[in-house]
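# Coordinate inspection notes
Residue strings, one per chain:
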Amino acid sequence: MSEALRGLHLHFEPTSGIAGDMAVAALVDAGVPAKVVIEAVGRMGVRGLKVGFERRKRGAYVGRGFVVDVGGDGKSGRAAKKKAAPVHGHGHDHDHDHDHGHAHDHGHAHDHDHAEHHHGHDEAHHHDGAHSHRDYAEIRRLIKRARLDVDVAALASDIFARVAEVEAALHGSSVDRVAFHEVGAYDSIADIIGIASAVVWLRPVSIGSSPPVVGTGTVHTAHGIVPVPAPATAALLQGIPMLPQGEGELTTPTGAAILSAVVDQFGPPPPMQIRAVGYGAGTRQLADRPNVLRALLGQPLGEVAAAPPSSLLLCEANLDDMNPQLLAPLYDALLAAGAVDVWSAPILMKKGRPATTVSALVPSGAAADAQRAFFLNSTTLGLRVRPIDRVTLARSFASVRTAFGAVKIKIASLDGEAIGAHPEFEDCRRLAAATKVPVRSVMAAATAEAERFLRAKVGGRRAARKR
């Protein structure tokens with residue numbers, strides 16, 4: 001059964017944030033064999049480092065927890081605070097319902113202060129378990145000499161590098177001297193090697209994520225009290241949409257690094273047949289939400305479309321002295337400049353003069369070009385510009401065959417479930433002209449084929465769910 005989960009779309013839903021251990025646990029809970037993670041961590045050759053899994057209840061949900069333990073003189077940020085949790089490095093998947101607390105006031109397993117500038121000497125550390133920290137140069141050596149799959153090593157190296165580069169920039173040090181200190185060294189190695197091995201085993205055709213919830217307030221770090229998201233997390237999330245909700249730190253630097261390294265696009269799940277769902281549980285109970293990360297694995301319906309921007313600019317002008325024949329060229333110019341939508345409405349201006357309001361939704365990056373198009377192609381002397389947010393359904397594209405030819409259809413989904421499919425009008429108009437039939441005839445045929453397409457793809461799953 002687990003082999004059938006490979007080559008699908010992977011989607012993270014960090015509505016309670018994301019930490020490295022939660023991501024690993026969510027993928028194993030979804031169906032990645034636990035031994036894939038356990039064996040990969042074991043190949044790192046870190047003396048005494050063992051990992052395992054346990055069942056945890058967080059809020060109303062039961063999820064899987066990823067437990068890290070270090071034998072001998074080592075300590076683990078998570079296992080040290082969960083002494084009752086049995087952890088083994090032999091592939092066992094524990095089904096105990098341990099509900100261990102967390103001493104920190106963060107939302108998840110504490111990998112927050114794992115990276116810190118190494119202010120001490122610059123000697124290399126080669127003895128596993130003999131030092132309280134590991135610098136980035138040593139972790140690179142550990143990965144290089146470990147007998148890891150080449151893709152696992154490459155992905156793990158990329159995630160570690162992202163954290164190290166951010167920390168070096170924040171603290172003014174060289175990348176190699178960034179130290180993964182004490183608690184974080186072992187947890188970070190386990191989490192990052194674990195997620196890399198799980199993702200590579202899945203070999204997803206694409207990876208998406210909803211915007212991560214990062215938390216609010218402040219958090220205690222090795223450098224003092226800092227606002228949430230912590231500096232490293234904020235730097236790793238540059239260019240990524242995020243939601244400041246919840247109490248404390250809910251997205252950690254490791255979680256942010258994972259998202260920045262593996263996610264193709266952020267937004268709602270695309271239209272797909274869900275094949276598996278996994279829940280990765282954090283180490284703490286949250287007051288306002290279940291502390292779990294959900295991972296969805298599904299077969300995409302058609303070709304997944306890029307998520308449209310949710311934050312746009314609304315540019316508008318009232319035109320009372322322009323020939324209406326010039327509206328069409330204005331529309332064309334605005335769309336060519338990057339507007340995602342253009343429309344107009346009749347209005348009455350002062351003294352009862354009839355006029356037209358022309359509106360355009362424009363991504364911020366295309367604002368200057370769109371405004372220039374307004375001024376060059378209309379009679380307006382000024383524009384109203386204001387930011388606007390919108391909520392959109394995820395969409396994908398497929399092709400269906402009709403008696404008139406192939407027509408592209410757009411599939412819309414809510415929470416990963418397809419709720420409708422509609423033919424593309426321009427395809428229908430082109431085929432209607434080629435076959436000399438009314439456009440509505442092609443539209444009707446394409447709509448019928450789109451419905452058949454959806455029934456074939458998702459009808460069986462819906463029927464099974466009803467039973």
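Predicted model only: the values in this text are computed from it and were never measured.

### Digging into a nonpolar patch on the surface
On the surface, a cluster of nonpolar side chains totalling about 260 Å² of accessible area is made up of Leu 393, Leu 414 and Ile 419. Here Leu 414 shows up in strand 22 (residues 405-414). For Leu 414, a relative accessible area of 47% gives the class partly exposed.

### Some thoughts on the side chain of Thr 380
You can see Thr 380 is positioned in the loop between helix 9 (367-377) and strand 20 (384-389). At a separation of 2.6 Å, a polar atom in the side chain of Thr 380 contacts the main-chain carbonyl oxygen of Gly 382. Excluding anything up to four places from it in sequence, Thr 380 contacts Ala 317, Leu 319, Phe 374 and Phe 375.

### Quick look at the pairing of strand 22
With 9 bridges connecting them, strand 21 (residues 394-402) and strand 22 associate as antiparallel partners. Of the residues in strand 22, the one forming a bridge with Arg 395 is Ala 412. Between strand 21 and strand 22, which follow one another and run antiparallel, lie 2 residues. Across 6 bridges, strand 22 lies against strand 23 (residues 417-423) in antiparallel orientation. In the sheet register, Lys 410 faces strand 23, and the bridge partner there is His 422.

### Focus: the pattern of salt bridges
Following the criterion strictly, the structure yields 15 salt bridges and no others. Glu 3 serves as the salt-bridge partner of Arg 6, at 3.3 Å between the closest nitrogen and oxygen. Several salt bridges share partner residues, and in doing so they unite Asp 29, Arg 55 and Arg 64 into one network.

### Considerations on the confidence of the model for the chain
For the chain, the mean per-residue pLDDT works out to 83, and 82% of the residues sit at or above 70. Per-element mean pLDDT across the chain ranges from 39 in strand 5 (residues 115-117) up to 97 in helix 1 (residues 20-30). A low-confidence stretch, residues 79-132 (pLDDT under 50), is modelled with 164 contacts involving residues beyond four sequence positions or located in other chains. pLDDT under 50 marks residues 460-467. Its contacts with residues more than four places away, or in other chains, come to 9 contacts.

### With respect to the packing of helix 3 (residues 136-145) against helix 4 (residues 150-171)
Think of two packed helices as two axes; the pair is described by the angle between the axes and how far apart they sit. It is the contact of helix 3 with helix 4, at a shortest axis distance of 11 Å, that shows an interaxial angle of 175°. When the axes of helix 3 and helix 4 are compared, the pair comes out roughly antiparallel. Taking contact as the criterion, the partners of Tyr 136, Ile 139 and Ile 143 in helix 3 are, on helix 4, Ala 153, Ala 156, Ser 157, Phe 160, Ala 161 and Ala 164.

### Considering the sheet that holds strand 18 (residues 341-348)
In spatial order, the strands read 18-19-17-20; together these 4 strands make up an open sheet with antiparallel pairing. Here the strands that pair on one side only, and so sit at the sheet edges, are strand 18 and strand 20. Direction aside, the axes of adjacent strands within the sheet are offset by 25° on average. Two elements, strand 18 and strand 19 (residues 354-362), share 8 bridges in a ladder whose sense is antiparallel. Within strand 19, the residue paired with Asp 341 across the bridge is Leu 361.

### Considering unusual backbone geometry
Cis peptide bonds are those with omega within 30 degrees of zero, and the linkage from Val 228 to Pro 229 qualifies with 0°. For Lys 351, which is not a glycine, the phi torsion comes out positive at approximately 65°. Among the secondary structure elements, Lys 351 is positioned in the loop between strand 18 and strand 19. By relative accessible area, Lys 351 is classed as exposed at 78%. You will see that Lys 436, though not glycine, has its phi angle at about 60°, which is positive. Examined against the element boundaries, Lys 436 turns out to sit in the loop between helix 10 (425-435) and helix 11 (439-466). On the basis of relative accessible area, Lys 436 is assigned to the exposed category, the value being 75%.

### Some remarks on the nonpolar core
Core analysis: the largest hydrophobic core is formed by 74 residues, its most contacted members being Phe 12, Leu 27, Met 44, Phe 66, Ile 143, Leu 148 and Ile 193. By residue number, the principal contributor to this core is helix 5 (residues 182-202), which donates 12 residues. Among all residues touching Phe 12, those that are not within four sequence positions of it are Leu 27, Ile 207, Gly 208, Ser 209, Ser 210, Leu 259, Val 262, Leu 293, Arg 294 and Ala 295. In terms of nonpolar packing, the next biggest core, distinct from the first, is built from 18 residues, Ala 317, Val 342, Val 362 and Ala 366 among them.

### Some words on the layout of surface pockets
To find leftover empty space, a probe the size of one water molecule is rolled over the atoms. Considered as a void within the structure, the largest pocket measures approximately 660 Å³ in volume. Forming the boundary of the largest pocket are 26 residues, of which Pro 211, Phe 266, Gly 267, Pro 268 and Ser 310 lie nearest the centre. Mapped by element, the contributors of at least two residues to the lining of the largest pocket are strand 13 (265-266) and strand 22. When grouped by side-chain class, the residues that make up the lining of the largest pocket number 14 nonpolar, 8 polar and 4 charged. Looking at the second largest pocket, its volume works out to about 250 Å³.

How each quantity is defined
- Residues numbered from 1 in each chain as written.
- Predicted model: local features only at pLDDT ≥ 70, side-chain atom pairs only at ≥ 80, totals over all residues.
- Heavy atoms only, no water.
- Patch = residues over 30% accessible without salt bridge, like charges linked within 9 Å, V, L, I, M, F, W, Y side chains within 5 Å.
- Areas by Shrake-Rupley, 256 points an atom, 1.4 Å probe, with all protein chains shown as cover.
- Salt bridge = Lys/Arg side-chain N within 4 Å of Asp/Glu carboxyl O.
- Helix = DSSP H or I, 4+ residues; strand = E, 2+ residues; numbered from the N terminus.
- Buried < 20%, exposed > 50% of the residue type's maximum accessible area, 1.4 Å probe, protein only.
- Polar contact = N/O pair within 3.5 Å; in protein donor to acceptor, adjacent residues only side chain to side chain.
- Contact = heavy atoms within 4.5 Å.
- Pairing = 2+ DSSP bridges.
- pLDDT = per-residue confidence, 0-100.
- Axes fitted to C-alpha atoms, helices over the stretch in contact; angles between N-to-C directions.
- Parallel < 35°, antiparallel > 145°, perpendicular 65-115°, else oblique.
- Core = buried A, V, L, I, M, F, W, Y, C linked by side-chain atoms within 4.5 Å.
- 1 Å grid on protein atoms, 1.4 Å probe; cavity = no way out; pocket = protein on both sides within 12 Å on 5 of 7 lines; lining within 4 Å.
- Points joined across faces, edges and corners; volume = space filled by probe spheres on them.
- Nonpolar A, V, L, I, M, F, W, Y, C, P; charged D, E, K, R; others polar.

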